[in-house]
Amino acid sequence: LESYELCCLVETFPDRHTDLKDFKKTLELAFMYAKTVTLGKTHWPMSNRVMQRNRRIGCSMSGISQFIAHKGLHELQIWSDEGYKHIQKCDKM
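Residues numbered from 1 in each chain as written. Predicted model: local features only at pLDDT ≥ 70, side-chain atom pairs only at ≥ 80, totals over all residues. Heavy atoms only, no water.

1. So, the nonpolar core
Line of reasoning, step 1. By size, the foremost hydrophobic cluster in this structure holds eight residues: Phe23, Leu27, Phe31, Phe67, Leu76, Trp79, Ile87 and Cys90.
Line of reasoning, step 2. Breaking this core down by element, the ones donating at least two residues are helix H1 (20–37) and helix H4 (73–92).
Line of reasoning, step 3. Ranked by residue count, the leading element in this core is H4, at four residues.
Line of reasoning, step 4. Discounting residues that sit within four places of it in the chain, tryptophan 79 has contacts with Pro14, His17, Asp19, Leu20, Phe23, Phe67 and Lys71. (Core = buried A, V, L, I, M, F, W, Y, C linked by side-chain atoms within 4.5 Å. Buried < 20%, exposed > 50% of the residue type's maximum accessible area, 1.4 Å probe, protein only. Helix = DSSP H or I, 4+ residues; strand = E, 2+ residues; numbered from the N terminus. Contact = heavy atoms within 4.5 Å.)

Pasting the structure below:
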């Protein structure tokens, strides 16, 4: 993060989803929520300028051990790659 930039992180839990399509929908909503949060103003003008310029977010995946136990490492790699591609696509909309 740049100086004065706020951390805007959303967390997802892939193991709570029945299939990749459902997980992608969650990623899309998490992405939109995080981007929306970056539109808010703070009490610090320097932070506001940096946030307005960057609109940077993070999207994490939690519960990875549970996912691997239920669906396997190979499936995690697929979901991770496809999820990343989906977020990149959402960012271009």
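Now, onward.
2. Quick notes on the packing of H1 against H4
Two quantities define a packed helix pair, namely the angle between the axes and the distance from one axis to the other.
Line of reasoning, step 1. Two elements in contact, H1 and H4, have axes separated by 9 Å at closest approach and are oriented at 40°. By the angle between their axes, H1 is oblique relative to H4. Crossing handedness for the pair H1 and H4: right-handed. In contact with Leu20, Phe23, Lys24, Leu27, Glu28, Phe31 and Lys35 of H1, H4 contributes Trp79, Glu82, Gly83, His86, Ile87, Cys90 and Asp91.
Line of reasoning, step 2. Residues of the contact of H1 with H4, tallied by class, amount to seven nonpolar, two polar and five charged. (Axes fitted to C-alpha atoms, helices over the stretch in contact; angles between N-to-C directions. Parallel < 35°, antiparallel > 145°, perpendicular 65-115°, else oblique. Left-handed = near helix turned anticlockwise from the far one by under 90°. Nonpolar A, V, L, I, M, F, W, Y, C, P; charged D, E, K, R; others polar.)

3. Concerning unusual backbone geometry
Line of reasoning, step 1. Of note, tyrosine 4 is a non-glycine position whose phi angle comes to about 75°, a positive value.
Line of reasoning, step 2. Position of tyrosine 4 among the secondary structure elements: in the segment before strand S1 (9–12).

4. Considerations on the packing of helix H3 (residues 64–71) against H4
Line of reasoning, step 1. Contact pair H3 / H4: the axes reach a minimum separation of 7 Å and the direction vectors enclose 120°. By the angle class used here, H3 and H4 are oblique. Of H4, the residues touching H3 (which contributes Ile64, Phe67, Ile68 and Lys71) are Leu73, Glu75, Leu76 and Trp79.
Line of reasoning, step 2. Tallied by class, the residues present in the contact of H3 with H4 amount to six nonpolar, no polar and two charged.

Read these as geometric descriptors, not functional statements.
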